[in-house]
Amino acid sequence: MTWEIVIGLEVHTQLSTNTKIFSGASTTYGAEPNTQADAVSIALPGVLPVLNKGAVERAIKFGLAVGAHIAPRSVFARKNYFYPDLPKGYQISQFDLPVVGLGALTIQVEPFSGNAKPYEKTVRITRAHLEEDAGKSMHGDFHGMTGIDLNRAGTPLLEIVSEPDMCSAAEAVAYAKALHSLVRWIGICDGNMQEGSFRCDVNVSVRRPGEPLGTRREIKNLNSFKFMQQAIDYEVQWQIDTIENGGKIQQATVLFNPDTGETRAMRSKEDAHDYRYFPDPDLLPLEITAAMLEQARASLPELPHVKRARYANEFGLSAYDTNILTSSLEMAGLFDSCVSAVGQSNAKLCANWLTGEVSAQLNRDGLDMAQCPISAQQLGGMLQRIADNTISNSGAKEVFRTMWAEGGDADAIIEAKGLKQVSDSGAIEALVDEIIAANADKVAEYRSGKDKLFGFFVGLAMKASKGKANPAQLNDILKKKLAG
Amino acid sequence: MLNSSLQQLGAALRAKNISSVELTQLYLDRIAQHNPGLNAYITLNPEMSLAQAREADARIAAGKAGALTGIPFAQKDIFCAKGWLTTCGSKMLHNFVSPYDAHVISQFNDAGAVNLGKTNMDEFAMGSSNETSYYGTVKNPWDTARVPGGSSGGTAAAVAARLCAAATGTDTGGSIRQPAALCGISGLKPTYGVVSRYGMIAFASSLDQAGPMARSAEDLALMMNVMAGFDERDSTSLQRDKEDYAREINKSVSGGKPLTGLRIGLPKEFFAEGLDGDVAKAVESAIAEYRKLGASVVDISLPNSRLSVPVYYVLAPAEASSNLSRFDGVRYGYRAPEYSDLADMYEKSRAQGFGAEVKRRIMIGTYVLSHGYYDAYYLQAQKIRRLIAQDFTEAYKQCDVIMGPTSPSTAFKLGEKGDDPVQMYLSDIYTIAVNLAGLPGMSIPCGFGANNMPVGLQIIGNYFDEARMLNVAHQYQLATDWHSRAPQGL
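All residue numbers refer to position in the chain's written sequence, counted from 1. Throughout, the order in which chains and ligands are written sets their labels, letters from A for the former and numbers from 1 for the latter. Whole-chain, interface and lining totals are the exception, using all residues; otherwise, since this is a predicted model, local features are given only for residues with pLDDT of at least 70 and side-chain atom pairs are given and counted only at 80 or more.

Caption draft 1: Structural detail: the overall build of chain A. Each helix and strand in chain A was counted, giving 16 helices and 15 strands. Both definitions apply: the radius of gyration is a C-alpha atom measure, and the globule rule equals 2.2 Å times residues to the power 0.38. Computed over the C-alpha atoms, the radius of gyration of chain A is 30 Å, more than 25% above the 23 Å expected from 2.2 N^0.38 for a compact globule of 484 residues. Seen along its three principal axes, the alpha-carbon backbone of chain A occupies a region of about 95 × 55 × 50 Å. A total of 484 residues make up chain A; the buried ones form 39% of that total. Helix and strand definitions here come from DSSP, where helices need a minimum of 4 consecutive H or I residues and strands a minimum of 2 consecutive E residues; each element is numbered from the N-terminal end. Each residue is classed by its C-beta neighbour count within 10 Å, where at least 20 other C-beta atoms makes it buried, 12 or fewer makes it exposed, and intermediate counts make it partly exposed; the C-beta atoms are placed from backbone geometry.

Have a look at this one:
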């Protein structure tokens, strides 16, 4: 009997504003505890929230990027509960009227298992709403007490809630990655998962095909894609085993332990709070005008899916290429610069280098595109020399390695290393004549039909030119001369 | 000096007939003498008050004095004032010295006014008799066996007893107007959003509004000029042009009847069962006086106003239950000395730090917001709130101002209603609808009832009609002298 897996995600993205969502306190990460906690962050008596327009602009940009309905009027509500790192005793969030309504994100799924082919899928986004983050409780060295750091309290979050449209860990991870890429792409979140700027809660349930949805358990606060995959795989197997052994799934919130690879319940539904949501009387309803929408629309860069389509149409690139090229705004930017340096007709050359050498080298060094040590200008310069036949492909690889390790521009490296290939047909012809003269027996064999020997002659000629002969030219000349 | 208007005091200060230090000291001496019997003030800080007075004198000497520079005002202890103990009448904040100024406080400071001290109030402004204060009840200066009203009872008593030139109050369901009525002074609750709530400790955010309490409408107008105005730190503060609230105060139709053309609406619901006879009589005489001043009277109806007390006691506690969550013993204020764990710390700190009335309202508010009850209570109350506001909109098609009693009775005896919260809640029956609608309302003295206790006339205006209301009140105060009567023995 097979099982179906049903997964939905709630992602908390920290919006990249300089100040908090309801006060002027700084949001810079890593400051000394409580140095970024102003009167509002501490919730002194009498203080009031004032909405940060930058947070609203970022929410609108997200909504537009996923083709969502942007509510002309949305409402901030109070979610009431007591916790020491929640200074007001309530979190200001949005409840029944969120700023971003139904949208969708199309993702490219690469199945984890062996032979399955990559495919495209559209995940519906139920809603996205603005809210403030809580502070942090620190259970460290405080003489048996808990320390409270309110620096993070009031940091703006956009909580993005998906429909339960994903049916494997691979799809969930692909969605999370696409979302992660998108929020960075449109500049609303720095995407730093270590610092908690992008945190995922994953709702998982299983069911027999055709049956209604099973009871879900929510895996909280996953901050890496690897952990997400591990946590889902473990959780799915745990739920299946539980049911197959005659057990029932209880709705619960669980935590993933990366050390054991297991999920464990932290609270069951019986402990669920009654949050007593009601509209926050300190804040007016959030009204979004046509002008605000227009402004946000105008400030959006060309979106990944639009770029993908354009690369395919204009340059004839494959889905594989366009996906990698649009994996981040930096990657796409590098590609665009390279193409403008070497011309559209060489777009495939640019794509090959970016999806090949550049990606591989970044991977080897554990860097992401934003940290790439080679500039668009450097790379474009090198590609230009490939395109105009100054260097061969193997020469280019050496230029690239040098650039990566030591910097410098392509022409200087070519000059210094003598990598310029010989494209002087006279010189190549002379070289070929010498080889034919010195290998009369092999020439005879070739001419009697042993075509495979062609490679032997190419090797000799390349060696003789110290690798600098223009390969295409050499091929032509060799072919002509060998034919006799 | 004690009976001078704010305008006269300002003029005397600027003419250097008296210094701000002398005037401040005069009040501090009176406070030292009379406050022990009245308990109108929670916190006094003569050093800080006199330092402000010296600054004011320097400003006057430099010729940079404004209308209120150098005048000593008392501030309700609901306003955070930098360096001042700010308790909100609660044990919960018994040790809270505010590190910042409320908007209202900084407006007075900027005007060069002197802060004489923080006045007593019902705990977190929840009460109508000032008996819920952790710092003891305030006595009515007209009869110290009686309550001053609440929640701005300390302010009302201080103004009536001439223990300050004038003072601030806040009004969530009548907390300026009812104590003003019971202590025989004038008080104005402005249109919601006219005075910033920044730094004013929240009770029910959608109803709370600060306003002036003084001995005359003229004084109220000068204070409004300082208190009102847009403040970007309060999202519900209204972005309007600065206005001069005294601009119409002397407006008068020529030919002897200054208020000719004014249409006064009398809601039949305000003169029905539950209104004490002595109050009704004083209010009716006031209406008769207004007719003499040229006004006409229209009978109107506010059919939904009978629901305002129940609606208020759903909405205000709902907001309060959330607003008071920050008082948890974690960061400031009262924390229980002993507890076993986090939940115990919360429970004990809040059980010991809050008084009975505050706890009652937190429980009501928590209940009405709870899952399964929200629609039946909170949402239903919000709907009725809109109907109550619509009643006023309809009424103002027929009249310019609405008048009636401020409170159904004069000041009652201390302890008289302590056991019956509903009886206590009904003392705000005529004032609450005004907060629910967000309208401006005021109370001015209009005579005395049984036991010689003051009676207040309530004047309710349309939105932003404060200047007209002040004119209507001032014309009455020119024709009568109820507002200038002072309690004996002080």
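Caption draft 2: Quick peek at the packing of helix α10 (residues 376-387) of chain A against helix α11 (residues 393-406) of chain A. All names here are of chain A. α11 packs onto α10 with a crossing angle of 165° between their chain directions and a minimal axis gap of 10 Å. In terms of orientation, α10 and α11 fall into the roughly antiparallel class. Judged by the sense of rotation from one axis to the other, the crossing of α10 with α11 is right-handed. Counting all contacts with α10, which are made through Q378, M382 and I386, the residues of α11 involved are A396, V399, F400 and M403. In terms of residue class, the contact of α10 with α11 is made up of six nonpolar, one polar and no charged. Here an angle of 0 to 180 degrees is reported between the N-to-C directions of two axes, which are lines fitted to C-alpha atoms, with helices fitted over the stretch in contact. Reported orientations rely on four angle classes, namely roughly parallel under 35 degrees, roughly antiparallel over 145, roughly perpendicular from 65 to 115, and oblique for the rest. Left-handed describes a crossing in which the near helix is turned anticlockwise from the far one by less than a right angle; the clockwise case is right-handed. Here the contact rule is simple: place C-beta atoms from the backbone, and any two residues whose C-beta atoms are within 7 Å are in contact. We call Asp, Glu, Lys and Arg charged. Ala, Val, Leu, Ile, Met, Phe, Trp, Tyr, Cys and Pro are nonpolar, and the rest, Gly among them, are polar.

Caption draft 3: Structural context of the sheet that holds strand β4 (residues 166-171) of chain B. All names here are of chain B. Taken in spatial order, the 11 strands make up an open sheet running β1-β3-β2-β4-β6-β5-β10-β11-β9-β7-β8, and their pairing is mixed. Every interior strand has two partners, whereas the edge strands, β1 (41-44) and β8 (296-300), have only one. This sheet shows a mean twist of 30° between the axes of neighbouring strands, independent of strand direction. Paired strands, as defined in this entry, are two strands with at least two bridges between them according to DSSP. Here β1 runs beside strand β3 (residues 114-119); their pairing, made up of three bridges, is antiparallel. Counterpart to T43 in the pairing with β3 is K118. Along the sheet, helix α7 (residues 217-227) makes contact with β4, β5 (186-189), β6 (209-214) and β10 (441-448), crossing β6 at roughly 145°.

Caption draft 4: Representation of the domain arrangement of chain A within the structure. All names here are of chain A. Partitioning chain A into structural domains gives domain 1 (4-292), domain 2 (302-417) and domain 3 (425-483). Here the C-alpha centre of domain 2 lies 35 Å away from the C-alpha centre of domain 1. Taken together, the contact between domain 1 and domain 2 spans seven residues of the former and seven residues of the latter. Listed by contribution, the elements that provide at least two residues to the side of domain 1 that touches domain 2 are β5 (103-109) and α3 (169-185). Among the elements that line the side of domain 1 that touches domain 2, the one with the most residues is α3, at four residues. In the side of domain 1 that touches domain 2, the residues fall into three nonpolar, three polar and one charged. Residue ranges for the domains trace back to a domain assignment, done automatically or taken from a database.

Caption draft 5: Structural view of the interface of chain A and chain B. In this assembly, 25 residues from chain A lie in contact with 34 residues from chain B. Secondary-structure elements contributing two or more residues to the side of chain A that touches chain B are α1 (39-42) and β3 (76-80) of chain A. Partitioned by chemical class, the residues of the side of chain A that touches chain B number 17 nonpolar, three polar and five charged.

Caption draft 6: Quick look at the packing of helix α9 (residues 308-323) of chain B against helix α12 (residues 375-395) of chain B. Residues and elements named next belong to chain B. Taken N-terminus to C-terminus, the directions of α9 and α12 make an angle of 125°; their axes are 9 Å apart at the nearest point. Overall, the two elements α9 and α12 adopt an arrangement that is oblique. Crossing geometry of α9 relative to α12 is assigned as left-handed. Two secondary-structure elements touch here, α9 through S308, V311, V314, L315 and A318 and α12 through Y377, Y378, A381, I384, R385 and I388. Grouping the amino acids of the contact of α9 with α12 by side-chain chemistry returns nine nonpolar, one polar and one charged.

Caption draft 7: Here's a closer look at the sheet that holds β3 of chain A. Residues and elements named next belong to chain A. Strands sit in the order β4-β3-β14 across an open sheet of three strands; the sheet is antiparallel. In this open sheet, the two strands that pair with only one neighbour each are β4 (90-94) and β14 (278-279). As judged from the five bridges shared by β3 and β4, these two strands associate in the antiparallel manner. What sits directly across from F76, in β4, is Q94.

Caption draft 8: Summary view of the environment of N3 of chain B. Secondary-structure assignment places N3 of chain B in the segment before α1 (6-14). Along the chain, N3 of chain B and W482 of chain B lie 479 residues apart, while their C-alpha atoms are 13 Å from each other.

Caption draft 9: Broad picture of helix α4 (residues 103-110) of chain B. Inspection of α4 of chain B places H103, V104, I105, Q107 and F108 of chain B among the buried residues, and these make up the whole buried set. One or two residues past the end of α4 of chain B sits G112 of chain B, with phi positive at roughly 85°.

Caption draft 10: Up close: the nonpolar core. Judged by nonpolar contacts, the single largest core of 259 residues is most densely connected at A172, Y175 and V202 of chain A together with F73 and C164 of chain B. In terms of domain composition, this core takes at least three residues from each of domain 1 (4-292) and domain 2 (302-417) of chain A. Beyond its immediate chain neighbours, meaning those up to four positions away, Y175 of chain A contacts L9, L105, I107, V123, S162 and M166 of chain A. Counting residues in hydrophobic clusters, the runner-up holds nine residues, among them V432, F457, A469 and L474 of chain A. In plain words, the nonpolar core is the set of buried Ala, Val, Leu, Ile, Met, Phe, Trp, Tyr and Cys residues that C-beta atoms within 7 Å link up.

Caption draft 11: Looking closely at unusual backbone geometry. The peptide bond linking G150 of chain B to S151 of chain B adopts the cis configuration, its omega dihedral lying at 5°. Here R276 of chain A, not a glycine, exhibits a phi torsion of approximately 45°, which is positive. By the element assignment, R276 of chain A lies in the loop between β13 (262-268) and β14. Positive phi outside glycine occurs at F124 of chain B, with the angle close to 50°.

Caption draft 12: The arrangement of the pairing of β5 of chain A in detail. All names here are of chain A. Of the two faces of β5, only the one carrying G103, L105, I107 and V109 is buried; A104, T106 and Q108 on the other face are not. Where β5 meets strand β6 (residues 119-132), seven bridges bridge the pair, whose relative direction is antiparallel. The residue of β6 that forms the bridge with I107 is K121.

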